[in-house]
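# What the coordinates show
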4 protein chains.
Amino acid sequence: MVVILKENVSQNQLDTFVGWLHDQDINAKITHGVHTTILGLVGDTASLDIDIIRSVSIVEEVMRVQEPYKKANRKFHPLDSAINVAGLTIGGGTFHVIAGPCSVESEGQITGIARRVRAAGATLLRGGAFKPRTSPYAFQGMRAQGLELLREARAATGMPIVTEIMSVAHLDLFEDVDLIQVGARNMQNFELLKELGHVQTPILLKRGLANTIEELLMSAEYIMAGGNENVILCERGVRTFETSTRNTLDVSAVPMLKKLSHLPVVIDPSHASGLSWMVEPLSLAAVAAGADGLIIEVHNDPEHALSDGPQSLTPDQFDTLMPRLRAMAEFMGKRLEAPLPLPEKDA
Amino acid sequence: MVVILKENVSQNQLDTFVGWLHDQDINAKITHGVHTTILGLVGDTASLDIDIIRSVSIVEEVMRVQEPYKKANRKFHPLDSAINVAGLTIGGGTFHVIAGPCSVESEGQITGIARRVRAAGATLLRGGAFKPRTSPYAFQGMRAQGLELLREARAATGMPIVTEIMSVAHLDLFEDVDLIQVGARNMQNFELLKELGHVQTPILLKRGLANTIEELLMSAEYIMAGGNENVILCERGVRTFETSTRNTLDVSAVPMLKKLSHLPVVIDPSHASGLSWMVEPLSLAAVAAGADGLIIEVHNDPEHALSDGPQSLTPDQFDTLMPRLRAMAEFMGKRLEAPLPLPEKDA
Amino acid sequence: MVVILKENVSQNQLDTFVGWLHDQDINAKITHGVHTTILGLVGDTASLDIDIIRSVSIVEEVMRVQEPYKKANRKFHPLDSAINVAGLTIGGGTFHVIAGPCSVESEGQITGIARRVRAAGATLLRGGAFKPRTSPYAFQGMRAQGLELLREARAATGMPIVTEIMSVAHLDLFEDVDLIQVGARNMQNFELLKELGHVQTPILLKRGLANTIEELLMSAEYIMAGGNENVILCERGVRTFETSTRNTLDVSAVPMLKKLSHLPVVIDPSHASGLSWMVEPLSLAAVAAGADGLIIEVHNDPEHALSDGPQSLTPDQFDTLMPRLRAMAEFMGKRLEAPLPLPEKDA
Amino acid sequence: MVVILKENVSQNQLDTFVGWLHDQDINAKITHGVHTTILGLVGDTASLDIDIIRSVSIVEEVMRVQEPYKKANRKFHPLDSAINVAGLTIGGGTFHVIAGPCSVESEGQITGIARRVRAAGATLLRGGAFKPRTSPYAFQGMRAQGLELLREARAATGMPIVTEIMSVAHLDLFEDVDLIQVGARNMQNFELLKELGHVQTPILLKRGLANTIEELLMSAEYIMAGGNENVILCERGVRTFETSTRNTLDVSAVPMLKKLSHLPVVIDPSHASGLSWMVEPLSLAAVAAGADGLIIEVHNDPEHALSDGPQSLTPDQFDTLMPRLRAMAEFMGKRLEAPLPLPEKDA
């Protein structure tokens, strides 16, 4: 249920109304817009009498929200959300590229790639320390040591780090990760989502292989309901009958999510296609569809990468791609933020 | 099998070689490139000895083509195909928008919409006379009379007409249609495809609801094998588990088809999403992905349209969209052709 | 809209009522049940006033039928339909196996296989004369000559023949075919369905690769609306993300179709799996789910079959399978009909 | 890699060979069959010289195993696995029905249902204590208290309990659960699977919404590679385009899994269809396809169930279903085990 208040409501009147709702076990999330104040009500709103609410003097209009997601719902929060990640702003009109290798493999590798992609304009560094592998016999990632190497790369370049968490049990290790990624296969790991709702670190939530837009928003709702409203959505291709690409990028997810929700939306063209040569056209399409950012795999030696080599760009290829992406982002009216400054002493 | 000839081969040498192949029931499709001449061989090439072919003095290199499609294969025809539709060029670097109502409903309607979309920059007029309806009780289209009204709209505006054929039995009626459309549900109506291979009218071939990229190219191959090489491919969304959109636009079809084939590729964002508000972002994404054109539904009164109203744009909405599409097309380096001139006497 | 009449309505009262409906352009399909008479109304029933109909003295109850299919709807025809195919009864409590090769290849082949499968208990003979091939370069079937050979096999064994039609243009050739098959790729070839509505030959309608249960019933409705009510539905696997089988058999289609419709339902386990070894378990599952029959591919030499060899059973394998299928059918309470008698003179 | 030894190999020869492999970091899983001894090798077998292995005197034949799963692979373990669950045997020729409510709601509810389903012939009791809900606002299950109530129902009826675990963090609570279920949405929660590999409790592993047969077997491999070989696979419907059922039951998963793997396979017809009336036909089909068991939801008051009511059977409906299932199981040659005896003092 959403309550739109009349203009020029006093703080006292607002507090009284919110208190009255609270007495009925209803929580109100308040959003101050330019002209109006909107209250998104969460709780057993089905039992509220909509006419009684409408009759309250400061209330302009009341609408029942049909969608099962509330906090993620644009009706609750009409303005685009701008998520602060280590001083950078994701969403709210900006455009960012997150780049890096699929897996962290060594210090030289991760820091070297970080320098290259930062020079090309990427603003955040990705790298997998805990890898979700279909086979138990495949390289599982450098794990805690991989996180350490990511920190070193951050220390060297100033780039905030984005990396995937695979278990609640590892949460301690992720304390200083700037953007915690929930992988596609964990999009409905509800116990993990609940725990991530209790931290304040922004979460990059990837859509599952065959999860609907609504299910993605409900998974975001799990995190937000826990208290962490810093969620960035990521479309990474869905599973279909087509076999020439690894997945099928659902570019319509961008406009659909932006209509239904206020959360930022980025796209992963690397996992979507599984083909390095397709990263450019899919990236351009994503930006043209309105995406707030991209997450792209870059590896210095894709042929010998420990995971997902065929879909990675080389640093040279990334250098060539970035100017085109920036031009497209500017064409679409997005604001490009500069990378964070290099730390004083270059480690 | 593809045979690449050495530079500076004389016509006589070429003819002799082609004749030798012909004696073995192999047809050679010759493409003269800038530096090389390429022969695409069609027939029982599995029985040819690749080493013998390689040893022929004028032969530079021979490659077996694994893909089951040959004429549609870029290996057979490395340059982009430019298809002539009534004097306009589709593919080969241009960008065109085909627009019009889902169904032809009356003369006033189709000619009125034609004038509006032409003024906005659309270069071809679409309109369904024979409608593929899931229900036998739904409006089946004005049929022959609908084609007549399309002709009148063409006479009034000079716009070439694009309309769907649903049966070989109707082929006579389509003699002067400029671009014949094969609908998604008929993509594997092989007998229809074979017949269309015997006409010279360009064909707009829509991908089926759940057909692979390869199956789409094989359907194009059916038409081309019959002798009609004027095929334009159209991605219009595929069927997936997602229910918030009518279909799921597979934007990766654009770069994939352009890699595998030389045929032009257009996108239908109207049927893909089923939502008029999503036509703009999907169109922009399609152009950014490299599409040669778009086919968009426009109706003067979508609420009362006899078919597919919810996905149609009004003429005003189309007026607003077109400048953005043209800007994106130019950004992507496409060449925009002007609409054909108005006929002398405005009927 | 369905109208249920009171018991003991006179023929005169019924005729008057039907006539009154007819004056309003509504056709009534009358089904006499054990205790009640049901009228299924087809036409612009939305404009009928349901209360007025209810007030008619002979009317017990009126229900609007939400589903877009009427003639195929069980609400219109509560009893199972029993379709007469050359003297055999498909549906209505019987169980039949249609068997034969994917393609008719020669007289010896088709007649030889016919004898073998008939001896094993199959009651109808299938064989493709017009083959839907994804590639224009693949064997397209023996076509008219193939139909001729099927006739010869029928003359030799008495088995009714089942074969696929691919175009309205060929309808003449199918005049004496006992059961005309519409292939999966033509399930929404609406012009073909309309034409088949004008013949009286029973139609075996295969579900499309990615068509819903409702779309299948609407395609049946096309045929029935044309006047041909002899439609048998066939589930043959749908397209999914799974690649270990050719398609994914949707066994729930059997109970779902039987709930929604009165038409018989058979299953094609050969095309569903694409694997000969899987035909037995899928066939048993199909019968256990309530199917009225199966259509199974049998070839004397699968390794050298001109189409779909890997999914065909040898005659020996079919001999082994049949007793198990018959036992399962009897376990499920189905009535097995004997094959039609051999013609007097064995050709 | 699989090594087949000659007959009559001495224990000494076997030990020597296994030791030699161990020195090269290869582990051998030994299966003694009727006539042969088979060694399934796990480790870096790609580096082994297959001819050298073949030349060893006790070796009959060596085959490289292409499939990425080894321990789950039937090539490694040709005989059907029989998994011991609290004294009952799942797989290896038996047939069992697991029944109970979707969620544990109260003591009276779970124990009452347990008594009813046991009387009808179900041998294991299911009930969800930790519920995977798409919405954070929906009933999440009684959690630890729910497990307690399951224990009480077991104490009252002797039935082993089957319940879903959703997080590694809860593993302690599951110590005395007889069969731990991994839900569809956690099939690729690899960290959870690894942990479950370290317990000895049998695991019921559900196939994910859109996971392939191979991915299911790789998830089983994760558990088995950890040391827990007691895995039972469960097909519960996959996600497709069809909307008339909740999911689409992939009955071909039963024969496919049994061909590729030695692990038992059960089916969940309740979640597959989402429709209580479809549980019977799908159950019969599953048994006819060769399933080793079924897991069926039964609730005393489906209309007021806290989760998934529409797909639950009432105890009366379950009473009616069970004799038909048992007859089908016997028809398919399965051995039905009796429920475990009631505890001495009926709590």
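Residues numbered from 1 in each chain as written. Chains lettered and ligands numbered in written order. Predicted model: local features only at pLDDT ≥ 70, side-chain atom pairs only at ≥ 80, totals over all residues. Heavy atoms only, no water.

Along chain A, the regular secondary structure elements total 10 helices and 15 strands. Over its C-alpha atoms chain A spans a radius of gyration of 21 Å, differing by no more than 12% from the 20 Å that the globule rule assigns to 347 residues. Considered along the principal axes of its C-alpha atoms, chain A spans approximately 65 × 50 × 45 Å. The buried share of chain A, taken over its 347 residues, is 62%. Summarising the internal contacts of chain A: among those between residues at least 6 apart in sequence, 69% fall at separations of at least 24. Carbon and sulfur atoms form 49% of the exposed surface of chain A, whose accessible area is close to 12,200 Å². A distance of 3 Å separates the average location of the 31 positive side-chain charges in chain A from that of its 42 negative side-chain charges. (Helix = DSSP H or I, 4+ residues; strand = E, 2+ residues; numbered from the N terminus. Rg over C-alpha atoms; globule rule 2.2 N^0.38 Å. Buried < 20%, exposed > 50% of the residue type's maximum accessible area, 1.4 Å probe, protein only. Contact = heavy atoms within 4.5 Å. Areas by Shrake-Rupley, 256 points an atom, 1.4 Å probe, with all protein chains shown as cover. Lys, Arg positive; Asp, Glu negative; His and termini not counted. Charge placed at Lys NZ, Arg CZ, Asp CG, Glu CD.)

On the side of chain B, 35 residues touch chain A, which itself brings 35 residues to the contact. Both sides of the chain A and chain B interface together cover about 2,700 Å² of buried area, and 79% of this is carbon and sulfur. Note that B:Arg207 and A:Glu242 form a salt bridge whose closest N and O atoms lie 2.9 Å from each other. Put simply, the parts of the chain that give the side of chain A that touches chain B at least two residues each are helix H7 (253-260), helix H9 (279-288) and helix H10 (315-331) of chain A. Taken together, the residues of the side of chain A that touches chain B break down into 22 nonpolar, seven polar and six charged. (Buried area = accessible area lost by both parts, 1.4 Å probe. Salt bridge = Lys/Arg side-chain N within 4 Å of Asp/Glu carboxyl O. Nonpolar A, V, L, I, M, F, W, Y, C, P; charged D, E, K, R; others polar.)

All names here are of chain A. Buried residues dominate H9, accounting for nine of its 10 residues. Looking at H9, one finds that the buried residues are Val279, Pro281, Leu282, Ser283, Leu284, Ala285, Ala286, Val287 and Ala288. With its phi angle positive at about 110°, Gly290 sits one or two positions after the end of H9.

A few words now on the interface of chain D and chain C. Contacts between the two partners involve 35 residues from chain D and, on the opposite side, 35 residues from chain C. Buried surface at the junction of chain D and chain C, summed over both partners, amounts to about 2,700 Å²; 79% is from carbon and sulfur atoms. Run the count over chain D and chain C and you get two salt bridges. Seen at the junction of chain D and chain C, the total is four residue pairs in polar contact (both at pLDDT 80 or more). Sorting the residues of the side of chain D that touches chain C by element identifies helix H7 (253-260), helix H9 (279-288) and helix H10 (315-331) of chain D as the ones contributing at least two each. Looking at the side of chain D that touches chain C, the element that brings in the most residues is H9(D), giving five residues. Across the side of chain D that touches chain C, the residue classes break down as 22 nonpolar, seven polar and six charged. (Polar contact = N/O pair within 3.5 Å; in protein donor to acceptor, adjacent residues only side chain to side chain.)

A separate point is the side chain of D:Thr201. Secondary-structure assignment places D:Thr201 in the loop between helix H5 (190-196) and strand E11 (203-206). With near-sequence residues (within four places) excluded, D:Thr201 lies in contact with D:Val177, D:Asp178, D:Leu179, D:Ile180, D:Asn228 and D:Asn230.

This part takes up the relation of the copies chain D and chain C. With an RMSD of 0.1 Å, the operation that places chain D on chain C is a rotation of 180° combined with a shift of 0.0 Å along the axis. Such a combination of turn and shift is consistent with a two-fold rotation axis. Residue D:Ala285, judged by its C-alpha, is the member of chain D lying nearest the rotation axis, at 2.0 Å. An overlap of 100% is found between the interface residues of chain D and their copies at the interface of chain C, pointing to a shared contact surface. (Least-squares fit on C-alpha atoms with pLDDT ≥ 70 in both.)

Take a probe with the size of a water molecule and roll it over the atoms, and the empty space left behind shows itself. Here the second largest pocket is characterised by a volume of approximately 1,100 Å³. Around the second largest pocket, the lining comprises 49 residues; the ones closest to its centre are A:Arg239, A:Thr245, A:Arg246, D:Thr212 and D:Glu215. Residue contributions to the lining of the second largest pocket peak at three residues, all from strand E9 (residues 161-165) of chain A. Here the residues of the lining of the second largest pocket sort into 11 nonpolar, 20 polar and 18 charged. (1 Å grid on protein atoms, 1.4 Å probe; cavity = no way out; pocket = protein on both sides within 12 Å on 5 of 7 lines; lining within 4 Å. Points joined across faces, edges and corners; volume = space filled by probe spheres on them.)

With that settled, consider the sheet that holds strand E3 (residues 37-42) of chain B. Residue and element names in this part refer to chain B. With respect to topology, four strands assemble into an open sheet ordered E2-E3-E1-E4, the strand pairing being antiparallel. In this open sheet, the two strands that pair with only one neighbour each are strand E2 (27-32) and strand E4 (59-63). The mean angle between the axes of side-by-side strands here comes to 20°, regardless of whether they run parallel or antiparallel. Pairing between strand E1 (residues 2-5) and E4: four bridges, direction antiparallel. From the neighbouring strand, Val2 faces E4, where its bridge partner is Met63. Those strands touched by helix H1 (residues 11-23) are E1, E2, E3 and E4, and its axis lies near 150° from that of E2. (Pairing = 2+ DSSP bridges. Axes fitted to C-alpha atoms, helices over the stretch in contact; angles between N-to-C directions.)

Assigned domains within chain A: domain 1 (2-63) and domain 2 (82-336). Computed from C-alpha coordinates alone, the two centres of domain 1 of chain A and domain 2 of chain A are separated by 37 Å. (Domains from an automatic or database assignment.)

Right, let's talk about the relation of the copies chain A and chain B for a bit. Between the two copies, chain A and chain B, the superposition gives an RMSD of 0.1 Å; the rotation angle is 180° and the shift along the axis is 0.0 Å. Looking at chain A, 100% of its interface residues are interface residues in chain B too, so the copies touch through the same face.

Another point: the packing of helix H6 (residues 213-225) of chain D against H7(D). Residues and elements named next belong to chain D. Close contact between H6 and H7 brings their axes to 11 Å; oriented N to C, the two are set at 50°. Judged by the angle between their axes, H6 and H7 are oblique. Relative to H7, the crossing made by H6 is right-handed. Along the contact surface, H6 presents Ile213, Leu216 and Leu217, while H7 presents Ala253, Met256, Leu257 and Leu260. (Parallel < 35°, antiparallel > 145°, perpendicular 65-115°, else oblique. Left-handed = near helix turned anticlockwise from the far one by under 90°.)

The next subject is the sheet that holds strand E2 (residues 27-32) of chain C. All names here are of chain C. Read from one edge to the other, the open sheet built from four strands follows the order E2-E3-E1-E4, with strand pairing classed as antiparallel. Single-partner strands in this sheet number two, and they are E2 and strand E4 (59-63). This sheet shows a mean twist of 20° between the axes of neighbouring strands, independent of strand direction. Sheet strands touched by helix H1 (residues 11-23): strand E1 (2-5), E2, strand E3 (37-42) and E4. Its angle to E2, the strand with the most contacts, is close to 150°.

Residue and element names in this part refer to chain A. Inspection of every chain in the model, using the stated rule, returns 96 salt bridges over all chains. A salt bridge links Lys258 to Asp292; the shortest N-O distance between them is 2.8 Å. Note that Lys258 is positioned in helix H7 and Asp292 in the loop between H9 and strand E14 (293-297), a separation of 34 residues in sequence. In this pair, the class of Lys258 matches that of Asp292, namely buried. In the salt-bridge network here, residues are joined through shared partners; they are Glu148, Arg151, Arg154, Asp176 and Asp178.

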